[in-house]
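Single-letter residue listing:
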Amino acid sequence: SSERSLNFIEQIVEEDIANGKNEGRVHTRFPPEPNGYLHIGHAKSICLNFGLADEYGGKTNLRFDDTNPTTEDTEYVESIKADVRWLGFDWENELYASDYFDQLYDFAETMIQKGLAYVDDSTSEEIAAQKGTPTEPGTNSPYRDRSIEENLDLFRRMKAGEFPDGAKVLRAKIDMTSPNMHFRDPIMYRIKHAHHHRTGDKWCIYPMYDFAHGQSDSIEHITHSLCTLEFVVHRPLYDWFIDKLAIFPSRQIEFARLNLTYTVMSKRKLLQLVNEGHVNGWDDPRMPTISGLRRRGYTPASIRDFCDRIGVARRENMIDVGLLEFCIREELNKTTDRVMAVIDEKPLKVVLTNYPEGQTEIMKIENNPEDEYVTERDVPFSREVYIERDDFMENPPKKYFRLFPGGMVRLKGAYIIKCDEVVKDDAGEITELRCTYIPESRSGSDTSGINVKGTIHWVSVPHAVEAEVRLYDRLFTVEDPSGEEGDFKDFINPDSLQVVRAFVEPSLAHAQHGNALHGGRFQFMRKGYFCVDPDSTEGKLVFNRTVTLKDTWAK
Ligand code: ATP
Ligand code: MG
Ligand code: MG
């Protein structure tokens, strides 16, 4: 990172440090609302907040922004903590905005006492109408000039539960003609008789985002409060409340949110996909959630690398999901063993007619040619092997280098074979190939003098381990499903999951999800990178395709 130039946030931080602001302290926070699972967009924010603190010897709080009781849940709190830890970050303090409810309430009374807030009986429709439009000024509420005493009394009675939901709100008294709509007497508190996942039934009034976020930052003495660009228009209000309350001046800095092609990132939409059964849960490997990516086979390092490469900017943009795939492919190419898996509902059986019946030979096959010290493993070979149907053609075109009648191919790490006969059933379907092997062509000690252009993978029939393979494709058929006209769900890819049978080499028989051996991740030769899915059991292996070997999506 010393190679690249400072991004605009680092520039601000360095300027602040140089000016002795906050005694040179850097204290950031990651403030998720516990109303869903974290997604790759949150990963960008996590890497940014924790990364900035690391870089300048600072600290990062994990703060749950739990001011909306109806959508929040402890299930989400637990998943968020697990995901942040998995990404490799450790927070200074685990905090909850709800722990500040008493303090925030006191702040609100202070605002009333200063004549800067009032209780409004207008309905939400009336308040919306009073707001005016961006080109026309708003109008004052008829309740705007209540006395401080009356406002205090009403606000206390709101807190005491005397009024039903929606009967009253507390509003800041700023300026109904301000060109910034957020300054037109924004709502600070609303009545909501709802159970909160932490405070239970203690409260029936809850602060709005604008009267909770900046104040929480300030209570924690956060120096740099990073958020996404849609909050630019909230910043004057963020500063106004801090100024009027005369509390620690945290500074809000906005950056462009991550948008990724072929997916959606809003938690509301992700929740719909889960609830309506378009995916199998938040951790479905097709989801852009951290838990989905983890299950898909992504590593924390690959996600951090991705966040590093996209950097931070102040302009909205759309990142090609191909970049995320590039990052995991780069890593898996270095770390995974190359193994053989015949992925085919109906693999093609090859019988080597001149190979002794009942004999097993052990082939030594390289695990990973990228390793500094390349190791090998034992792969059994016998008279009958499976190959993929796609690796044989009865009537091949020119320059077809795989197997065809009369043709020759090398079985990876084993022998060259020649196809002598195609056996079919009554329906004309090919049931097996009868071939001969060239004994002098054994890999590593080939004296046959025969040159073949094609090498294909195989699995010995008596040693093969059956497995289920889940092949994933993009969840949506268009780059920006949220940007299209109509419902984003109209663009769900109906073929985003394909479940296929496979036969894998016996070395994988005991592979486990997330075990020490690179977390159950492999390169299936010629097929892509795969990982063991947690659905696997001792008797039934399940693999997810993390990513194909090459970008098949090149435009
Ligand atoms: P959503 O619209 O999905 O509900 P949110 O911004 O309301 O997202 P929060 O839980 O409030 O979700 O987000 C926590 C932090 O992560 C915030 O600081 C937010 O700005 C940041 N964040 C959320 N989505 C993205 C994204 N796509 N790119 C970068 N940062 C994001
Ligand atoms: Mg939200
Ligand atoms: Mg939010």
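Parameters and conventions
Residues numbered from 1 in each chain as written. Chains lettered and ligands numbered in written order. Predicted model: local features only at pLDDT ≥ 70, side-chain atom pairs only at ≥ 80, totals over all residues. UniProt positions renumbered as here; feature names shortened; annotations may be inferred. Buried ≥ 20, exposed ≤ 12 C-beta atoms within 10 Å, placed from the backbone. Helix = DSSP H or I, 4+ residues; strand = E, 2+ residues; numbered from the N terminus. Arc of directions from axis to C-beta. Core = buried A, V, L, I, M, F, W, Y, C linked by C-beta atoms within 7 Å. Contact = placed C-beta atoms within 7 Å. Near = placed C-beta within 6 Å. Nonpolar A, V, L, I, M, F, W, Y, C, P; charged D, E, K, R; others polar.

- Looking up the protein chain in an unreviewed UniProt entry gives the name Glutamine--tRNA ligase, with the organism given as Fibrisoma limi BUZ 3.
- In its Subunit (unreviewed entry) section, the UniProt entry covering the protein chain states "Monomer."

## What to know about helix α9 (residues 267–275)
Here comes step 1: Taken residue by residue, α9 has K267, L270 and L273 as its buried positions. The buried residues of α9 all sit within an arc of 115° when viewed along its axis, so they share a single face. Those residues of α9 that are exposed and aimed more than 90 degrees away from the buried face are R268 and N275.
Here comes step 2: Looking one or two places after α9, you find G277, whose phi comes out positive at around 75°.

## Concerning the nonpolar core
Here comes step 1: If you look at the biggest cluster of nonpolar residues, it comprises 90 residues, and the most contacted ones within it are V342, Y386, I387, I417, W458 and V459.
Here comes step 2: With eight residues, the single largest contributor to this core is helix α2 (residues 40–55).
Here comes step 3: Those residues in contact with V459 that sit more than four places away from it in its chain are M340, V342, V385, Y386, A464, F503, V504 and E505.
Here comes step 4: Grouped together as the second largest cluster of nonpolar side chains are 30 residues, F107, A108, L154 and Y206 included.

## Describing the site of ligand 1
Here comes step 1: Taken together, 15 residues lie around ligand 1, and P32, G41, S45, R257 and K267 are the ones closest in.
Here comes step 2: Broken down by secondary-structure element, the contributors of at least two residues to the shell around ligand 1 are α2 and β8 (224–228).
Here comes step 3: Ranked by residues supplied to the shell around ligand 1, first place goes to α2 with four residues.
Here comes step 4: Across the shell around ligand 1, the residue classes tally to five nonpolar, five polar and five charged.

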